[in-house]
Each structure stands twice: as structure tokens, then as C-alpha cells.
Amino acid sequence: MKIAVIGTGYVGLVSGACFSEFGFDVVCVDQDASKIAMLNAGKIPIYEPELDTLVKNNADRGRLSFTTDLDKAVAGAAAVFIAVGTPSRRGDGHADLTYVYAAAETIAKQITDYTVIVTKSTVPVGTGRKVAEIIRKTNPAAKFDMASNPEFLREGSAIGDFMRPDRVVIGCETDEARAVMRQLYRPLFLIETPILFTSLETAELIKYTANAFLALKISFINQISDLCDEVGANVADVSRGIGLDGRIGSKFLHPGPGYGGSCFPKDTLALVKTARDAKSPLSLVEATVSYNDARKLQMTDRIEAAVDGDLLGKTVAVLGLTFKPNTDDMRDAPSLVIVPELVKRGAKVRAHDPVGIEEARKHMPNIGYCEDAYQTMEGADVVVILTEWNSYRALDLNRMKDLLKSPTIVDLRNIYRPDEMAQFGYRYVSLGRPKVH
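Predicted model only: the values in this text are computed from it and were never measured.

Chemist: Which residues make up the overall build of the chain, and what values do they have?
Modeler: Of regular secondary structure, the chain possesses 18 helices and 14 strands. The C-alpha radius of gyration of the chain comes to 24 Å, within 12% of the 22 Å expected for a compact globule of 437 residues. Principal-axis analysis of the C-alpha atoms places the extent of the chain at approximately 75 × 50 × 45 Å. The 437 residues of the chain split such that 53% are buried. Restricting the contact set of the chain to residue pairs at least 6 apart, pairs at least 24 apart contribute 74%. Carbon together with sulfur atoms contributes 51% to the accessible area of the chain, which is approximately 19,600 Å² in total. The average position of the 52 basic charges and that of the 56 acidic charges among the side chains of the chain differ by 1 Å.

Chemist: Could you give an account of the environment of Phe 19, naming the residues involved and the relevant values?
Modeler: Inspection of the secondary structure assignment puts Phe 19 in helix H1 (residues 10-21). Those residues in contact with Phe 19 that sit more than four places away from it in its chain are Ile 3, Phe 24, Val 26, Phe 81, Phe 162, Leu 184 and Tyr 185.

Chemist: Let's hear about the side chain of Asp 30: which residues, and what values?
Modeler: The topology assignment puts Asp 30 in the loop between strand S2 (25-29) and helix H2 (33-40). Nearest to the buried, unbridged Asp 30 among oppositely charged side chains is Lys 35, at 4.2 Å. Side chain to side chain, Asp 30 and Thr 8 meet in a polar contact 2.9 Å long. The contacts of Asp 30, once residues within four sequence positions are left out, are Gly 7, Thr 8, Lys 35, Ile 36, Thr 67 and Thr 68.

Chemist: Report on helix H6 (residues 127-138), specifying residues and quantitative values.
Modeler: Here H6 is 12 residues long and its end C-alpha atoms lie 16 Å apart, about the 16 Å a rise of 1.5 Å per residue gives. Those residues of H6 that sit buried are Thr 127, Gly 128, Val 131, Ala 132, Ile 134 and Ile 135. The buried residues of H6 occupy one face: seen down the axis, they fall within an arc of 160°. Of the exposed residues in H6, those oriented more than 90 degrees away from the buried face are Arg 136 and Lys 137.

Chemist: Provide a residue-level description of the packing of helix H10 (residues 200-231) against helix H11 (residues 235-243), including the pertinent values.
Modeler: Two packed helices can be described by the angle between their axes and the distance between those axes. One way to put it is that H10 packs onto H11 with a least axis distance of 9 Å and a crossing angle of 135°. By the angle between their axes, H10 is oblique relative to H11. For the pair H10 and H11, the crossing hand works out as right-handed. Two secondary-structure elements touch here, H10 through Ile 221, Ile 224, Ser 225 and Cys 228 and H11 through Val 235, Val 238 and Ser 239.

Chemist: Describe the pattern of salt bridges, listing the residues and the values that go with them.
Modeler: All told, the structure shown has 24 salt bridges when counted by the stated rule. Put simply, Glu 173 and Arg 129 hold a salt bridge, and the shortest N to O gap is 2.7 Å. Here the residue Glu 173 occupies a position in the loop between strand S7 (168-171) and helix H8 (175-184), and Arg 129 occupies one in helix H6, the gap between them amounting to 44 residues. Here Arg 417 makes a salt bridge to Asp 419, at a shortest N to O gap of 3.1 Å.

Chemist: So, the nonpolar core: which residues are in play, and what are the values?
Modeler: Ranked by internal contacts, the top residues of the largest apolar core, which has 41 residues, are Phe 19, Phe 81, Met 181, Leu 184 and Tyr 185. By residue number, the principal contributor to this core is H1, which donates seven residues. Not counting residues within four places of it along the chain, the set of residues in contact with Leu 184 comprises Met 1, Ile 3, Phe 19, Phe 22, Phe 24, Ala 79 and Phe 81. Listed in part, the 35 residues of the second largest apolar core include Val 84, Val 100, Ala 142 and Phe 144.

Chemist: An account of the packing of aromatic side chains is needed here, citing residue identities and associated values.
Modeler: Going through the model one piece at a time under the given rule, you end up with nine aromatic pairs. Between the aromatic rings of Phe 22 and Phe 162, the centroid separation amounts to 5.8 Å while the plane-to-plane angle is 45°, which identifies the pairing as tilted. Residue Phe 22 is found in the loop between H1 and S2, and its partner Phe 162 is found in helix H7 (residues 158-163); the two are separated by 140 residues along the sequence. The same class applies to Phe 22 as to Phe 162, namely buried. Put simply, the rings of Phe 19, Phe 22, Phe 24, Phe 81, Phe 162 and Tyr 185 pair up and form one aromatic cluster. The ring of Phe 152 is capped by Arg 167, whose NZ or CZ atom sits 3.7 Å from the centre of that ring. Its guanidinium or amino end placed over the ring of Tyr 374, Arg 399 lies 3.9 Å from that ring's centre, counting from NZ or CZ.

Chemist: Lay out the pairing of strand S13 (residues 408-411) in plain terms, naming residues and giving numbers.
Modeler: Here S13 shows two buried faces, one formed by Thr 408 and Val 410 and the other by Ile 409 and Asp 411. Examined bridge by bridge, strand S12 (residues 382-385) and S13 share three bridges and lie parallel to one another. When the bridges of S13 are listed, Val 384 appears paired with Val 410. Once the chain exits S12 it traverses helix H17 (residues 397-403) before rejoining the sheet at S13, and the crossover so formed is right-handed. Once the chain exits S13 it traverses helix H18 (residues 418-423) before rejoining the sheet at strand S14 (residues 427-429), and the crossover so formed is right-handed.

Chemist: Tell me about the side chain of Ser 219, and please be specific about residues and values.
Modeler: Note on placement: Ser 219 falls in helix H10. If we skip the residues at most four places from it in the chain, Ser 219 touches Tyr 259, Thr 288, Tyr 291 and Asn 292.

Chemist: Residues and numbers for unusual backbone geometry, please.
Modeler: Phi is positive for Lys 279, close to 60°, though the residue is something other than glycine. Counting through the fold element by element, Lys 279 comes out in the loop between helix H12 (264-277) and helix H13 (283-306). Lys 279 gets classed as exposed once you look at its relative accessible area, which sits at 74%. Not every positive phi belongs to a glycine, and Asn 414 is a case in point at roughly 55°. As for its position among the elements, Asn 414 is in the loop between S13 and H18. When its relative accessible area of 17% is taken as the criterion, Asn 414 is described as buried.

Each value, and the rule that gives it
- Residues numbered from 1 in each chain as written.
- Predicted model: local features only at pLDDT ≥ 70, side-chain atom pairs only at ≥ 80, totals over all residues.
- Heavy atoms only, no water.
- Helix = DSSP H or I, 4+ residues; strand = E, 2+ residues; numbered from the N terminus.
- Rg over C-alpha atoms; globule rule 2.2 N^0.38 Å.
- Buried < 20%, exposed > 50% of the residue type's maximum accessible area, 1.4 Å probe, protein only.
- Contact = heavy atoms within 4.5 Å.
- Areas by Shrake-Rupley, 256 points an atom, 1.4 Å probe, with all protein chains shown as cover.
- Lys, Arg positive; Asp, Glu negative; His and termini not counted.
- Charge placed at Lys NZ, Arg CZ, Asp CG, Glu CD.
- Salt bridge = Lys/Arg side-chain N within 4 Å of Asp/Glu carboxyl O.
- Polar contact = N/O pair within 3.5 Å; in protein donor to acceptor, adjacent residues only side chain to side chain.
- Expected span 1.5 Å × (residues − 1).
- Arc of directions from axis to C-beta.
- Axes fitted to C-alpha atoms, helices over the stretch in contact; angles between N-to-C directions.
- Parallel < 35°, antiparallel > 145°, perpendicular 65-115°, else oblique.
- Left-handed = near helix turned anticlockwise from the far one by under 90°.
- Core = buried A, V, L, I, M, F, W, Y, C linked by side-chain atoms within 4.5 Å.
- Phe/Tyr/Trp six-rings, centres within 6.5 Å; stacked < 30°, edge-to-face > 60°.
- Lys NZ or Arg CZ within 6 Å of the ring centre and 35° of its normal.
- Pairing = 2+ DSSP bridges.
- Right-handed = clockwise from strand over helix to strand, strands pointing away.

If you want it as C-alpha cells, here you go:
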């Protein structure tokens, strides 16, 4: 079976590579000629563990190819996946569906045989119906069915998430479409992965609901960590205590500087907009969005307090810039708010990230970047841990103390233990955990 994937961004490239690993003939198409040239040369435009090996192996076997020729990609494909970007639209926060609708119109012109058109991009409720309208209007003779197949890929572990998912959600409404989608996911049926078939609208809403709930969960534990600071409780124990309850679960109960990335910020905004348009507002999600925005500035206040309430002329060593470890993604990363605010308040910032420096320079060109974590600390007044990369979990604390002007650490990911830091003589600030003197 041949599959066409339109869009070679994060979702499209990972999905195309994984489907080819399942044994299907996959053609990925993108209008960005430079990106296609890079992929055909064996270079991966994003950082995702194991993706380069997966792409190379399947390209070498002839199962995975890349082109700018949409005609070639769609011709003879049993399924065409739309995996283009749906960024937040300026002005109202709704998902910008320009690329989705453009792809639909282009696909319609190429359909010759029965094809299942699948929205893989995260799209608001009703988008699948609209795409179908566009295809019928453009090509009334087209034989096709629509399907919604939202992705649940975590950056940094996307390959495993695709190959061994918690579930697969498929929204479609004909036996023919269900048969095609079952064939595509047959390898996962064989390992008894839950496959949920729903209507188009339900599948579209499942994706937004999942991300909104996780964003709410993150914000909830962040607020609880602030309460812990005030009453002397330990948020790590609180998280464990509630996470052991099977109804709650332990994931996404780790306090931090606020959520970021390519999904949660834009998807919560889009869901808020959809709910308002439907006259069924989601006050909890709206509050989550507002709180998360404020959270990042609140973290800057904590850093300032750690240097006696004055950042003017202070040198801040920042460790970690990407929104999470194991990715070079800077989209809506907390660092994009916190670092410029530190500079605005008069601080000199030096930063390090294992893979995100190149991307970070595009957004924050006026700070110092270091190729080594220790280099950021030379003569610094405070170290701030923004991203929990594994390489930061075992830093040489004695060496750090010798490099720093003042042994002060603001750990916004709680990767060190307060008692250990006290033993080494650090002034240590973390989230929601009692100070040890």
C-alpha cells in the first residue's frame, strides 16, 4: 500500500518514517525545496532521537522517499495524510488552517481513484467536514472519504510513541475508510494496541481535550508548588502522594517554569476559541492559559529574589533553552520569556543548551552562548536551570562553586536535592520544597 504524507515537519516526517518502518511505500512531499534536498541528502532538519537512523534505513530500502512533486506523491496513494502546520492565528488565537485548506485543494486536483484523506495535523472540530467540502467543490468527481487521525507524539520520544502508543484514535464514517485505516495500523493491532474508531468531530476534539487536560494538570501542580512554598510542604511528596492514586496518575505532576512547545500553547488557545464560538466557554482552560503566561514572569521574579532583589549588572548563567529535553524545539519555550526579561531587568545572560543553541540564536541573538555548561558559570552570580537535560543532573558541584562568583542556584526543574546542595554550601532555590540550611 502506498501512502502520501503532505508536510515534512515534526508530525509529517516522524509519521512518514514510522509508516515506512511498518513496511508501507511512503512518499513525503513538501513545497520547501531546500528541506526536501536536505532529506534526500540524508540530513534531518529537526532533532529527534532515532529519527535519522529510521529515515536512512527506510530510504535505503526504497520504502521512504521525499519530493516536491505533489502529483507524484498522491498518484496511486491509498491514503493521503495532511500533516502541515496549524499555528495560532494572529489576533484571535484560533488555529490557522491556511495550509490545511491549501493542501486539500491541491490534493483534490490529483485524485483519480478512491482515496482516504486523513487529517494528521491538529485541527479544530469541523475541519474534516470543511476539507471534504473543499475537495468536492474542487473536484466533484473525486472518490474519497475523510478520516481524522490525531497524533499523540511527545518530542524526544516520538518514535516510541508512534510504534508503541497508548492508543490510536481514528475518526471516519464508512466501512471502506475503516478498512484502509485498519490496514495501515495492522502492526499495532497485532500488539493489541487500543484502536478507537469515532466520528470526525469526536476524533478532532479528543486531541484538543487531551492536550488541554495535560496543560491544566501541569498548571495545577505548579500552583500547588507555590502553596507548598508558603506552608512548608514538599511538592515532590505531594505529587507522589496523589500520583499513586490510579484515578490521577503520576505523569505531568512535576513543577516547572510553565508549559511550552509546539502543542500545548497553541492547542489550548484554539480550544478556548472553539468553545467560545460554540457558546460553551471552558473557564478552566482559559484560566490555565492565563496562569501559564503569568508563571514565566513569576519565575523571573524568583531569580531576581535569589540575587537579593536586584538583577542590574548581575551575570546569570542559564542552563537549558529548549522547552523540554531531547529536542531542539524552541516554540513557546519558557526561556523565550524568562531570558529577555532578565536582560530587560539589567542582567547579563550567558546560556547553554546541548542541542538548542542554533535555534535559540534565531529568537535571542543578543545574549552570550556557550558550548560548555561550565563556561556559562565563570564569574556568574547565579545559575538558573531551565531545562532538565540529563547532562545537567550530574554536574561537578565543587567545580561549579569554584567558577561562580556566588554559589547560588535557582533550579526551576527540581533536579537536585536541597539537602545535598546545602551540604555543598549552595544557596539553593527550587520549587515547592522546604529550604535546608
